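Structure at a glance
Here is what each chain is made of, one letter per residue.
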Amino acid sequence: AMAAENVLSHMLSDAVIPNVACYNSVMYAWRCSGTPYVFDRCRDVFDRLLQAYEASGFDADLRPDSITYTTLIDAIVQNESTKYEKNGGERAEALLDEMEARAAHGRCEHPRTNVFTSVMKAYWKDGHRDSLIKVEAVLGRMRKAFEEDNTDAKPDANTLTVLLHAVAKSTKSD
């Protein structure tokens, strides 16, 4: 992950303007690194992307996308599994809210299926008693977005697999 950070730094120092894919790749490298502070590292890269996007006058090449947000949310899920992050589902849904607000102003794309599914996974992994209710609520949000013409927010097999995992986990105590 540090190697990816170094490449990004070299790009910037060589006056090469990285695009959103470059920032997403560095976030992904951190997410896969196994570092205990995965979310913090990813959030730092995300914040730098937002700064670059705003400083560029909102250049489309730097506009955050669903990969950006999914990677950030998956970093919460990863940290949640190590018990570093608490309330991972709520934090993930707050990022979904942020993405939707930015999208409403044209500052990022509308959430795709993978973003909603990652938020569902964060709630499922939380292990709270109401996790299934939260997973179903996010699925409802996804369906509503799809019905309101966000054709990129259609539930898929991965979405339903996360729902099934949440159902299975909620019935273990029955």
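That block above? That's the structure.
What you see as residue numbers is a count from 1 along each chain, following the sequence as written. Local features in this predicted model are restricted to residues whose pLDDT is 70 or higher, and side-chain atom pairs enter the listing and the counts only when it is 80 or higher, whereas totals over whole chains, interfaces and linings include all residues. For side-chain calculations, the full set of non-hydrogen atoms in the structure is used, while hydrogens and water are omitted.

A short note on the overall build of the protein
- Looking only at helices and strands, the protein features eight helices and zero strands.
- Segments assigned H or I by DSSP are reported as helices when at least four residues long, segments assigned E as strands when at least two residues long, and all are numbered from the N terminus. Moving toward the C terminus, one meets the helices and strands of the protein in the order α-α-α-α-α-α-α-α.
- Only C-alpha atoms enter the radius of gyration, while the globule expectation follows 2.2 Å times N to the 0.38, with N the number of residues. Whereas a compact globule of 174 residues would reach a radius of gyration of roughly 16 Å, the protein reaches 17 Å, a difference of no more than 12%.
- Projected onto the principal axes, the alpha-carbon positions of the protein cover approximately 60 × 40 × 20 Å.
- Relative accessibility thresholds used throughout: buried, under 20% of the residue-type maximum; exposed, over 50%; partly exposed, between the two (1.4 Å probe, protein chains only). Within the protein, the fraction of its 174 residues that count as buried is 41%.
- Summarising the internal contacts of the protein: among those between residues at least 6 apart in sequence, 66% fall at separations of at least 24.
- To be clear on the numbers: accessible area is Shrake-Rupley with a 1.4 Å probe, and residue cover counts the displayed protein chains and nothing else. Roughly 9100 Å² of accessible area belongs to the protein as shown, and the carbon and sulfur atoms make up 52% of that amount.
- Charge assignment: positive for Lys and Arg, negative for Asp and Glu; neither His nor the chain ends contribute. Where a charge lies is defined by one atom per residue type, namely NZ (Lys), CZ (Arg), CG (Asp) and CD (Glu). Averaging the positions of the 21 positive and the 27 negative side-chain charges in the protein gives two centres separated by 5 Å. Whether two residues touch is decided by their heavy atoms; if any such pair falls within 4.5 Å, the residues are in contact.

Focus on the environment of Val77
- On the secondary structure map, Val77 appears in helix H4 (residues 66-81).
- Since its relative accessible area comes to 9%, Val77 is described here as buried.
- Placed 38 residues apart in sequence, Val77 and Phe39 show a C-alpha to C-alpha distance of 8.9 Å.
- Residues contacting Val77, with those up to four places away along its chain left out, are Ser118, Lys121, Ala122 and Lys125.

Focus on the packing of helix H2 (residues 20-31) against helix H3 (residues 38-55)
- Working convention: axes come from line fits to C-alpha atoms, limited for helices to the stretch in contact. Angles between N-to-C directions cover 0 to 180 degrees. At their nearest, the axes of H2 and H3 sit 8 Å apart, and the two run at 170 degrees to each other. Relative to H3, the element H2 is oriented roughly antiparallel. In contact with Val20, Tyr23, Val26, Met27, Trp30 and Arg31 of H2, H3 contributes Val38, Arg41, Cys42, Val45, Phe46, Arg48, Leu49 and Ala52.
- Broken down by class, the residue content of the contact of H2 with H3 amounts to 11 nonpolar, no polar and three charged. Any angle that falls under 35 degrees is termed roughly parallel, while one over 145 is termed roughly antiparallel, one within 65 to 115 roughly perpendicular, and all others oblique. When residues are grouped by polarity, Ala, Val, Leu, Ile, Met, Phe, Trp, Tyr, Cys and Pro land in nonpolar, Asp, Glu, Lys and Arg in charged, and all others, Gly among them, in polar.

Quick word on the packing of aromatic side chains
- In this analysis, rings of Phe, Tyr and Trp, with Trp reduced to its six-membered ring, are considered paired at centre separations within 6.5 Å, and the interplanar angle assigns stacked below 30 degrees, edge-to-face beyond 60, and tilted for intermediate values. Counted by the stated rule, this structure contains two aromatic pairs.
- Residues Phe46 and Tyr69 carry aromatic rings whose centres are separated by 5.3 Å and whose planes lie at 75 degrees to one another, so their mutual orientation is edge-to-face. Here the residue Phe46 occupies a position in helix H3, and Tyr69 occupies one in helix H4, the gap between them amounting to 23 residues.
- Residue classification places Tyr69 among the buried positions, given a relative accessible area of 0%.
- Measuring from centroid to centroid gives 5.1 Å for Tyr53 and Phe58, while their planes differ by 80 degrees, and the two rings are edge-to-face.
- We note Arg91 situated over the ring of Phe39; from NZ or CZ to the ring centre the distance is 4.6 Å. Charge-over-ring contacts are defined here by two conditions on Lys NZ or Arg CZ: a distance within 6 Å of the ring centre and an angle within 35 degrees of the ring normal.

Looking at helix H7 (residues 131-147)
- Helix span is expected to be 1.5 Å times the residue number reduced by one. Helix length check: H7, at 17 residues, gives a terminal C-alpha distance of 24 Å against a target of 24 Å (1.5 Å per residue), a fit within 8%.
- Of the positions making up H7, those classed as buried are Ser131, Leu132, Val135, Val138, Leu139, Met142 and Ala145. With its buried residues spanning 145 degrees around the axis, H7 presents them on a single face. Residues Ile133 and Glu147 are exposed on H7 and point more than 90 degrees away from its buried face.
- Those residues of H7 that are buried lie in contact with helix H5 (88-104), helix H6 (113-126) and helix H8 (157-171).
- Within two residues after H7, Asp149 carries a phi angle of roughly 80 degrees, on the positive side. The arc in question is traced by the directions running from the helix axis to the C-beta atoms.

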